[in-house]
Amino acid sequence: MSERIASEAKALLLHTDWNVADIAYALGFEYPTYFNNFFKRVTGTNPMSLRPAEV
């Protein structure tokens, strides 16, 4: 289950312009901080590191 949520989060980070808080709420997290902690625990990196760099 954790892997599925993490892969959904990765897809949203890469393919939408939603901010991290919006993604956290969309995936059912009560607080963005909980999402950040979960994402780092499952993937080993923070959500913003997956975002394509702004040009």
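Every value quoted in this text rests on a predicted model; they were computed, and no experiment measured them.

A. Quick look at the overall build of the protein. Of the regular secondary structure elements, the protein holds three helices and zero strands. Along its sequence from the N terminus, the protein presents helices and strands in the succession α-α-α. Against the 2.2 N^0.38 benchmark of 10 Å for 55 residues, the protein shows a C-alpha radius of gyration of 10 Å, consistent with a compact globule. The principal-axis extents of the C-alpha atoms in the protein amount to approximately 30 × 20 × 15 Å. With 55 residues in all, the protein has 25% of them scored as buried. When contacts within the protein are restricted to residue pairs at least 6 apart in sequence, those whose partners lie at least 24 apart make up 51%. For the protein, the exposed area adds up to about 3900 Å²; of that, 53% sits on carbon and sulfur atoms.

B. The packing of aromatic side chains, seen in detail. Within this structure, the stated rule accounts for four aromatic pairs. Ring centres of Tyr-31 and Tyr-34 lie 5.1 Å apart, and the angle between their planes is 90 degrees; on these two criteria the pair is classed as edge-to-face. Looking at Tyr-34, the relative accessible area reads 46%, which means it is partly exposed. Consider the rings of Phe-35 and Phe-39, whose centres lie 5.7 Å apart with planes at 45 degrees: the pair is tilted. Placement of the pair is Phe-35 and Phe-39 together in helix α3 (residues 32–43), with a separation of four residues, close to one helical turn. Judged by relative accessible area, which is 0%, Phe-35 ranks as buried. What makes Phe-39 buried here is its relative accessible area of 0%. Among the aromatic side chains, those forming a connected cluster through ring pairs are Phe-29, Phe-35, Phe-38 and Phe-39.

The rules behind each value
- Numbering of residues starts from 1 in each chain and follows the order in which that chain's sequence is written.
- It should be noted that, the model being predicted, local features are given only for residues of pLDDT at least 70 and side-chain atom pairs only at 80 or more, the latter also being counted only at that level, while totals for whole chains, interfaces and linings use all residues.
- Note: side-chain values were computed over all heavy atoms of the structure, leaving out hydrogens and water.
- The way it works is that DSSP assigns letters per residue, a run of H or I at least four long becomes a helix, a run of E at least two long becomes a strand, and they are numbered from the N terminus.
- Computation of the radius of gyration draws on C-alpha atoms alone. For the globule rule, the value is 2.2 Å times the number of residues to the power 0.38.
- The buried label goes to any residue with under 20% of its type's maximum accessible area, the exposed label to any with over 50%, and the partly exposed label to all in between, with areas taken from a 1.4 Å probe on protein chains only.
- For this analysis, residues touch if any pair of their heavy atoms sits within 4.5 Å.
- Only the protein chains shown count as cover for residues, with accessible areas throughout obtained via the Shrake-Rupley method and a probe of 1.4 Å.
- The criterion for an aromatic pair is that two Phe, Tyr or Trp rings (for Trp, the six-membered ring) have centres within 6.5 Å, with stacked assigned to planes under 30 degrees apart, edge-to-face to planes over 60 apart and tilted to the rest.

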